[in-house]
Amino acid sequence: MSTPTATAIDALGSPVPVLSFSPVVLSVPGRPVDLQVRVSAPATGTGLPVILLSHGHGPSYHLSSLNGYAPLADFWAAHGFVVVQPTHLTSRTLSHLVADAPGAPDFWRSRAEDMIHILDRLDLLERTVPQLAGRIDPAKVAVAGHSLGGFTAALLLGAGLADPDTGSVVHLVEPRIKAGVLLAAPGRGGDVLNGPMAEQWPIIGAVDFSTMTAPALVVAGDKDDSRHFTDMGPAWHADPYTLAPGPKTLLTLFGAEHGLGGIAGYDAAETTDENPGRVAALARLAAAYLDTQLHPGAPTWPHACEALATDPDPVGRVESK
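Residues numbered from 1 in each chain as written. Predicted model: local features only at pLDDT ≥ 70, side-chain atom pairs only at ≥ 80, totals over all residues. Heavy atoms only, no water.

Draft legend 1. Looking closely at the overall build of the chain. When you go through the chain residue by residue, the secondary structure sums to nine helices and twelve strands. In terms of C-alpha radius of gyration, the chain reaches 18 Å, essentially the compact-globule figure of 20 Å for 321 residues. Dimensions of the chain, computed from the C-alpha atoms along their principal axes, are close to 50 × 45 × 35 Å. In the chain, buried positions account for 55% of the 321 residues. Sequence separation of at least 24 residues holds for 73% of the intrachain contacts in the chain that already meet a minimum separation of 6. Carbon and sulfur atoms provide 55% of the accessible area of the chain, an area that totals close to 12700 Å². (Helix = DSSP H or I, 4+ residues; strand = E, 2+ residues; numbered from the N terminus. Rg over C-alpha atoms; globule rule 2.2 N^0.38 Å. Buried < 20%, exposed > 50% of the residue type's maximum accessible area, 1.4 Å probe, protein only. Contact = heavy atoms within 4.5 Å. Areas by Shrake-Rupley, 256 points an atom, 1.4 Å probe, with all protein chains shown as cover.)

Structural data, given as structure tokens:
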């Protein structure tokens, strides 16, 4: 696998030092514990766009919290984004505190509401994090999420959900979020949700992507075969692209499994397809996509796609609708 071309690198600019501050503690009425977030930001620049990064639900203790996903958060912050990472109630770091709390164990509504609370308090985050005051552009907000975090991102981007407790369709779309990146997100329900974990996590199959109208980059590994949920194969993770209306873009990563090369953390033993080159390419492509979405007319994403298309050993392929 080759490294990103000069064209793709130049489009994003040179990396700058990153400031990372945690925990920032937000008190949320009715939440069983305070909402703790990490904020990572470039040391320079103003009018900075924001990426809300939702963690997944993997086997590690700390990666599913504000302490995970450093390979993405560090890169995005170094290239001009303010990255905000909450510790959702699904985090293993909170299991002993919230096991019996309403909404357990999936906390699907709380996870989405965490992001809304963060947006409501962006001014507080700016004042709390040293050297960040006055540097955020609150009109330029995106969401990214891996695995269960991709599920959360889909809800915020407009996907509906049939509440298993009431049967009614719930919409948690957040209009302040302009675009998203779904990383190895779950796919459809119905008959294909037939793996052994389906009964434990019925909420996974309750999502309706037909109302997810916001722009999104869906990232799927062509070796991500989640047999614990479905026998549909890797195509299941492309469902947020396949079943949602445009504008959507699908990035299929060659050889990638559920960890997409190791995005959840540096040197994570649970990564079944460790590939630092793939992680670097994914971080760059996602940043390029969001840069163009949040700065309409910016050539960053077209340049990145051109570099991918002309690479003799590409990391993946892109299609759009």
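Draft legend 2. Layout of the pairing of strand S4 (residues 82-86). With five of its five residues buried, S4 lies for the most part within the structure. Covered by surrounding structure in S4 are Val82, Val84 and Pro86 together with Val83 and Gln85, the residues of both alternating faces. Taken together, the four bridges between strand S2 (residues 35-42) and S4 define a ladder with antiparallel strand orientation. Pairing of Ser40 across the sheet is with Val83, part of S4. (Pairing = 2+ DSSP bridges.)

Draft legend 3. Geometry of the environment of Gly221. Mapped onto the elements of the fold, Gly221 is located in strand S10 (residues 216-221). By relative accessible area, which is 2% here, Gly221 ends up buried. Along the sequence, Gly221 and Leu260 sit 39 residues apart, while their C-alpha atoms lie 6.4 Å from each other. Setting aside chain neighbours within four positions, we find Gly221 in contact with Pro234, Leu253, Ala256 and Leu260.

Draft legend 4. Layout of the side chain of Glu126. Here Glu126 shows up in helix H5 (residues 122-128). No salt bridge is formed by the buried Glu126, whose closest oppositely charged neighbour, Arg127, lies at an N-O distance of 7.4 Å. Not counting chain neighbours up to four residues away, the residues in contact with Glu126 comprise Leu132, Ala133, Gly134, Arg135 and Ile136. (Lys, Arg positive; Asp, Glu negative; His and termini not counted. Salt bridge = Lys/Arg side-chain N within 4 Å of Asp/Glu carboxyl O.)

Draft legend 5. Highlighting helix H6 (residues 148-156). Where burial is concerned, most of H6 is hidden: nine out of the nine residues are buried. All of the buried residues along H6 are Leu148, Gly149, Gly150, Phe151, Thr152, Ala153, Ala154, Leu155 and Leu156. Contacts from the buried residues of H6 go to strand S3 (48-54), helix H4 (108-120), strand S5 (136-146), strand S6 (160-162), strand S8 (179-183) and strand S9 (207-208). Following H6 by one or two positions, Gly158 has its phi on the positive side, about 125°.

Draft legend 6. Quick peek at unusual backbone geometry. Looking along the chain, the bond that leaves Ser22 and enters Pro23 is cis, with omega of -5°. Mapped onto the elements of the fold, Pro23 is located in strand S1 (residues 18-26). Ala104 connects to Pro105 through a cis peptide bond whose omega is 0°. Along the chain, Pro105 turns up in the loop between helix H3 (95-98) and H4. You will see that Tyr69, though not glycine, has its phi angle at about 60°, which is positive. Within the secondary structure, Tyr69 is located in the loop between S3 and helix H2 (70-78). Despite not being glycine, Gln131 shows a phi value in the positive range, around 65°.

Draft legend 7. How the structure looks around the environment of Pro314. Inspection of the secondary structure puts Pro314 in the loop between helix H9 (300-310) and strand S12 (316-320). Sequence separation between Pro314 and Leu253 is 61 residues, and the spatial gap between their C-alpha atoms is 9.0 Å. With residues up to four places along the chain from it excluded, the contact list for Pro314 reads Phe254 and Leu308.

Draft legend 8. Spatial organisation of the packing of aromatic side chains. Under the criterion given, the structure shown has two aromatic pairs. Centroid distance Tyr289 to Trp301: 5.4 Å. Interplanar angle 90°. Geometry classified as edge-to-face. Remark: Trp301 occurs in helix H9 and Tyr289 occurs in helix H8 (residues 276-294); sequence separation between them is twelve residues. Tyr289 gets classed as buried once you look at its relative accessible area, which sits at 2%. The ring of Tyr241 has Lys321 sitting right over it, with the charged end atom 4.9 Å from the ring centre. (Phe/Tyr/Trp six-rings, centres within 6.5 Å; stacked < 30°, edge-to-face > 60°. Lys NZ or Arg CZ within 6 Å of the ring centre and 35° of its normal.)

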